[in-house]
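# Examination of the molecular architecture
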Amino acid sequence: MTGTTRSSADLEPRRRRALVRAWRRGMREMDLVLGGFADRHIGALSDAELEAFEALLEVPDNTLLTWVTGEKTVPTPYDTDLFARLRASCAVPPTT
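Presented here is a report on the structure given in the accompanying data block. (Residues numbered from 1 in each chain as written. Predicted model: local features only at pLDDT ≥ 70, side-chain atom pairs only at ≥ 80, totals over all residues. Heavy atoms only, no water.)

So, about the overall build of the protein chain. When helices and strands are tallied, the protein chain shows 5 helices and 0 strands. Its helices and strands taken in sequence order, the protein chain reads α-α-α-α-α from the N to the C terminus. Considering the protein chain as a whole, with its 96 residues, one finds that 39% of them fall into the buried category. Long-range pairs, those at least 24 residues apart, make up 54% of the contacts in the protein chain between residues at least 6 apart in sequence. As presented, the protein chain carries roughly 5,600 Å² of accessible surface, and 53% of it is formed by carbon and sulfur atoms. (Helix = DSSP H or I, 4+ residues; strand = E, 2+ residues; numbered from the N terminus. Buried < 20%, exposed > 50% of the residue type's maximum accessible area, 1.4 Å probe, protein only. Contact = heavy atoms within 4.5 Å. Areas by Shrake-Rupley, 256 points an atom, 1.4 Å probe, with all protein chains shown as cover.)

On to the nonpolar core. Grouped together as the largest cluster of nonpolar side chains are 25 residues, with contacts concentrated most on Leu-34, Ile-42, Phe-53, Leu-64, Phe-83 and Leu-86. The set of elements that each furnish at least two residues to this core consists of helix H1 (13-23), helix H2 (28-41), helix H3 (47-57), helix H4 (61-69) and helix H5 (81-89). Other than its neighbours up to four places away in sequence, Leu-86 contacts Val-33, Leu-34, Phe-37, Leu-56 and Val-68. (Core = buried A, V, L, I, M, F, W, Y, C linked by side-chain atoms within 4.5 Å.)

Turning to H5, a few remarks are in order. If you check which residues of H5 are buried, you get Leu-82, Phe-83, Leu-86 and Arg-87. Taken around the axis of H5, the buried residues stretch over an arc of 135 degrees, which confines them to a single face. With respect to the buried face of H5, the exposed residues turned more than 90 degrees away are Asp-81 and Ala-88. Looking at the buried positions of H5, the neighbouring elements they touch are H2, H3 and H4. Of the residues one or two after H5, Ala-91 is the one with positive phi, at around 60 degrees. (Arc of directions from axis to C-beta.)

Attention now moves to the packing of aromatic side chains. A ring pair, where both rings are aromatic, is described by two values, the distance of the centres and the angle of the planes. Within this structure, the stated rule accounts for 3 aromatic pairs. By the ring-pair criterion, three or more aromatic residues cluster together here, those being Trp-67, Tyr-78 and Phe-83. (Phe/Tyr/Trp six-rings, centres within 6.5 Å; stacked < 30°, edge-to-face > 60°.)

Before going further, it helps to spend a moment on the packing of H1 against H3. Their axes nearest at 11 Å, the elements H1 and H3 cross at an angle of 35 degrees. Crossing of H1 over H3 shows left-handed handedness. Between H1, through Arg-14, Arg-15, Ala-18, Arg-21 and Ala-22, and H3, the contact on the second element is made entirely by Asp-47, Leu-50, Glu-51, Phe-53, Glu-54 and Leu-57. Classifying every residue of the contact of H1 with H3 by side-chain character gives 5 nonpolar, no polar and 6 charged. (Axes fitted to C-alpha atoms, helices over the stretch in contact; angles between N-to-C directions. Left-handed = near helix turned anticlockwise from the far one by under 90°. Nonpolar A, V, L, I, M, F, W, Y, C, P; charged D, E, K, R; others polar.)

In structure tokens form, the structure reads like this:
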């Protein structure tokens, strides 16, 4: 069981792959963060947002988790509006 609540039947192959990858991370916490976000937003992401999401999917779970929780600063290439939305969807306030 992946945990996804969204069907991928209406998605183009690139978005389907991103949805599956978001739910099959290796660390359950990141499955829930990325998969939950993908369930809610994958169909409506612009091409640029999808590219930013795919870049986040390449980041190792333990690193990404420290960014989401605010434990570590998000590096510039990943500190995008999409990442801010992802973090907000987890109700984790950004650090200042």
